[in-house]
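Architecture at a glance
So the chains spell out like this:
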Amino acid sequence: QFLYFIGMQVEAKLSIADPASFEALLAGLNRTLGSPVQVIRQRNLFLDGANGELAAINAICRVRTNCIGNESSAEGRSSVVLKEHNEVEDGTSARFVVEADLPAGAAFVADLAQIEKRVVETCVGDAIRSRFGDTIALRGVGSFDNTRSVFRWPIRPDVEPLRLNADRTSYPFGEGYEIEVPCSDAVVIDEVLEGLRRLISSAGVADDAVALGGRSKFQHYAAGMVNMNAASSSHMRVEAKLLLPNVEAYERVLARLIASHIRTDTQRNMFFDSAAGELSRAGAYLRLRATDNARYTITIKEHSDVVEGSGLSWVQEEDVPSDVADALMNGSDLRPLMQLRSSTVASALSQRFGITPNCSVKFIGGFDNRRSVFRWPEAASIQSGLELRVDETTYAGDAASTRHEVEVTDIAVPVHDVIELLQSSLAGLGIETRQCDTTKFQEMLRRAHQS
């Protein structure tokens, strides 16, 4: 049995304009209210139907994992919530909420297939099916991280202290800052907002750095992504990944699929970070990929993880000229890339990670990959246009140290459906597989640490 909650939720929300004002506010809250009772790291994944059924009625379905303090990722509490009438006006949010606990830790957020299966087993899944029918298929539509400092706020002597949340939210397009207070029946919203104004003023934060909340975090995320995607190729990528047991299985797959062959590329993949490690600290990496047709692609990947064959990441990538690639490959020199005025990757490195053109860059590893791409007409019943990518990856120049896998990318339907169909298709060819639990990049790091 897992805990659940159904009812109305009312919150007061104030947005903070900039990081300096937010840090001043945190310092002031520490002086006035004492240290936070909790500091929680939250990972948030949002789901909707394939046709945007939830968005059409101004609702969201969110899966959240909370990790408190230095708690390991496996120990965090996960929950799923359905919020309807998810609007914020003049600093006040009132919405109908259905919430349930999920039996998993923080790593669960990376496992999109398990999320979809577990959500439908909860009262949240019941509520979604009751509104949209049993055939609705949930899919991931976005994600972001949040660091929440929780304070106890004795607003009046005659009522229980309220919970005051100071939130620093990391969106793919930048950070946001917010104060929110869930309200009890013992206080009215205007009293809470006025009390918050006094707290913020006593912290020395300027009035013009504070505004009444006008939208939820998800609404802010959705609006920011529209603007960001209008000028870049950044998007959430959902993948299915299966490992092949050996080179014989790999060669058998290639032979069995030959009639559906599209192309084969030889790739050299090189990974970089700033000398100070800004990317790795943010759960990201910079990859330069060179293919045998003299194509060079630069990629930022964030929150890239694989659990039980299901991969989820944020990707921003673009092709770059050969001179930009040569500077990075041969001298770890970012300047030619950062000087490309039209580069959205360069803009992201600067604006989201604080990396400047003169920043020192270090090479952190690489591997070679031979990728054969095939049509997959059997998948047309669940999503048209899906392709099979069959990879042979060689680490550290050692031909005997290879990894073989089959992957399907840019999935827009429940990923566990794709994994099951892929396993079944390969089993029908007499090919044994197992679900991936690491990316190629994570495997590269693991091998480097062992050597």
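Residues numbered from 1 in each chain as written. Predicted model: local features only at pLDDT ≥ 70, side-chain atom pairs only at ≥ 80, totals over all residues. Heavy atoms only, no water.

As for the overall build of the protein chain
Stated formally: Here a helix means four or more residues in a row that DSSP labels H or I, a strand means two or more in a row labelled E, and each is numbered from the N terminus. Using a 1.4 Å probe on the protein chains alone, a residue whose accessible area is under 20% of its type maximum counts as buried, one over 50% counts as exposed, and one in between counts as partly exposed. Contacts are assigned to residue pairs that have any heavy atoms within 4.5 Å of one another. Here the Shrake-Rupley method, with its probe set to 1.4 Å, supplies the accessible areas, and only the displayed protein chains count as covering residues.
For the protein chain, the helix and strand inventory stands at 13 helices and 19 strands. Taking all 451 residues of the protein chain together, 51% fall into the buried category. Pairs at least 24 apart in sequence give 68% of the contacts found in the protein chain among residues at least 6 apart. For the protein chain, the exposed area adds up to about 20200 Å²; of that, 49% sits on carbon and sulfur atoms.

Section: the pattern of salt bridges
Stated formally: Whenever a carboxyl oxygen of Asp or Glu lies within 4 Å of a side-chain nitrogen of Lys or Arg, that contact is scored as a salt bridge.
Under the definition given, this model contains 34 salt bridges. For Lys 217, the salt bridge identified is with Glu 180, shortest N-O distance 3.4 Å. Linking Lys 217 in helix 6 (residues 217–230) with Glu 180 in strand 9 (residues 174–182), this pair joins segments that are 37 residues apart in sequence. Like Lys 217, the residue Glu 180 is buried in the burial classification. Shared partners join several salt bridges into a network, and the residues in it are Glu 239, Lys 241, Arg 371, Arg 389, Asp 391, Arg 403, Glu 405, Glu 407 and Lys 440.

Let's talk about the confidence of the model for the protein chain
Selection criterion: Per-residue confidence from the predictor is reported as pLDDT, which spans 0 to 100.
Per-residue confidence for the protein chain gives a mean pLDDT of 84; residues scoring 70 or more make up 88%. The low-confidence segment residues 70–75, where pLDDT is below 50, has 11 contacts with residues more than four positions distant or belonging to other chains. Ignoring residues within four places in sequence, the model shows residues 105–110, a span with pLDDT below 50, making 26 contacts including any to other chains.

Side note on empty space enclosed by the protein
Stated formally: Residues are said to line a cavity or pocket when one of their atoms sits within 4 Å of a point; the points come from a 1 Å grid over protein atoms alone, cavities being sets where a 1.4 Å probe fits but cannot get out and pockets being open sets with protein on both sides within 12 Å along at least five of seven lines. Grid points are joined across faces, edges and corners, and a volume is the space filled by probe spheres set on the points. Here the nonpolar group is Ala, Val, Leu, Ile, Met, Phe, Trp, Tyr, Cys and Pro; Asp, Glu, Lys and Arg are the charged ones; every other residue, Gly included, is treated as polar.
Counted according to the given criterion, the structure contains two cavities of 30 Å³ or more. Quantified by volume, the second largest cavity comes out at close to 30 Å³. What lines the second largest cavity is simply Phe 272, Asp 273, Ser 274, Leu 279, Leu 286, Leu 334, Leu 349, Ile 355 and Val 361. When residues of the lining of the second largest cavity are assigned to their parent elements, the largest contribution, three residues, is made by strand 12 (residues 261–274). The residue inventory of the lining of the second largest cavity, partitioned by class, reads seven nonpolar, one polar and one charged.

A short note on the packing of helix 1 (residues 19–33) against helix 5 (residues 189–202)
Here is the rule we go by: Angles run from 0 to 180 degrees between N-to-C directions of axes, and those axes are lines fitted to C-alpha atoms, restricted for helices to the stretch in contact. By the definition adopted for this analysis, an angle is roughly parallel if under 35 degrees, roughly antiparallel if over 145, roughly perpendicular if from 65 to 115, and oblique otherwise.
One can describe the packing of helix 1 onto helix 5 by two numbers: an axis separation of 8 Å at closest approach and a directional angle of 105°. One finds that helix 1 runs roughly perpendicular with respect to helix 5. Contact residues: helix 1 offers Leu 25, Leu 29, Arg 31, Thr 32 and Leu 33, while helix 5 offers Leu 199, Ile 200 and Ser 202. Of the residues contributing to the contact of helix 1 with helix 5, the split by class is five nonpolar, two polar and one charged.

A word on helix 1
To be explicit about the condition: By this rule, a helix spans an expected 1.5 Å times one less than how many residues it contains. Any pair of N or O atoms that falls within 3.5 Å is considered a polar contact. Within protein, one atom must be able to donate a hydrogen and the other to accept it, and sequence-neighbouring residues count only if both atoms are side-chain atoms.
A rise of 1.5 Å per residue sets the reference length of helix 1, with its 15 residues, at 21 Å; its end C-alpha atoms lie 20 Å apart and thus fit the reference within 8%. The backbone nitrogen of Ala 20 has a side-chain oxygen 3.2 Å away, supplied by the residue at the start of helix 1, namely Asp 18. A positive backbone phi angle near 90° is found at Gly 34, which sits one or two residues after helix 1.

Let's talk about helix 11 (residues 344–353)
Every α-helical turn comprises 3.6 residues, leaving residues that sit three or four positions apart pointing alike. Within helix 11, seven of the 10 residues are buried, leaving the element largely enclosed by the surrounding structure. Within the span of helix 11, buried status applies to Thr 344, Val 345, Ala 346, Ala 348, Leu 349, Arg 352 and Phe 353. With a side-chain oxygen lying 3.4 Å from the backbone nitrogen of Val 345, the N-terminal cap of helix 11 falls on Ser 343. The first or second residue beyond helix 11 is Gly 354, which carries a positive phi of 70°.

What about the packing of aromatic side chains?
Convention followed: Aromatic rings from Phe, Tyr and Trp, with only the six-membered ring used for Trp, were paired whenever their centres fell within 6.5 Å, and each pair was classed as stacked if the ring planes differed by under 30 degrees, edge-to-face if by over 60, and tilted otherwise.
The final tally for this structure, using the stated rule, is 10 aromatic pairs. Ring geometry for Phe 22 against Tyr 177: centres 5.2 Å apart, planes inclined by 35°, an arrangement best described as tilted. Of the two residues, Phe 22 is situated in helix 1 and Tyr 177 in strand 9; the sequence distance between them amounts to 155 residues. Of the two residues, Phe 22 and Tyr 177, neither departs from the other in class, the shared state being buried.

Looking at the environment of Glu 84
Mapped onto the fold, Glu 84 is located in strand 4 (residues 77–84). Given the relative accessible area of 10%, Glu 84 is considered buried. Among the polar contacts listed, one links the side chain of Glu 84 to the side chain of Arg 131, at a separation of 2.7 Å.

What to know about the pairing of strand 8 (residues 162–171)
Cut-off, in case you're wondering: Paired strands, in this sense, are two strands between which DSSP finds at least two bridges.
Counting buried positions along strand 8 yields eight of 10 residues, so the element is predominantly enclosed. Sheet topology note: the strand 7 (residues 138–153)/strand 8 ladder contains nine bridges and is antiparallel. When the sheet's bridge partners are listed, Phe 151 is paired in strand 8 with Leu 164. Two elements, strand 8 and strand 9, share seven bridges in a ladder whose sense is antiparallel.

Notes on the pairing of strand 15 (residues 310–319)
Two faces, one strand: in a regular strand the side chains alternate between the faces of the sheet. The element strand 15 is largely enclosed, with a buried count of eight among its 10 residues. With nine bridges joining them, strand 14 (residues 296–307) and strand 15 adopt antiparallel strand pairing. When the sheet's bridge partners are listed, Thr 297 is paired in strand 15 with Asp 319.

Regarding the side chain of Asn 165
With respect to the helices, strands and loops of the structure, Asn 165 is situated in strand 8. Its relative accessible area of 2% is what places Asn 165 among the buried residues. Engagement of the side chain of Asn 165 in a polar contact is seen with the side chain of Arg 163, the distance being 3.0 Å. Once residues within four sequence positions are removed from consideration, Asn 165 is found in contact with Arg 148, Ser 149, Val 150, Glu 178, Ile 179, Glu 180 and Pro 182.

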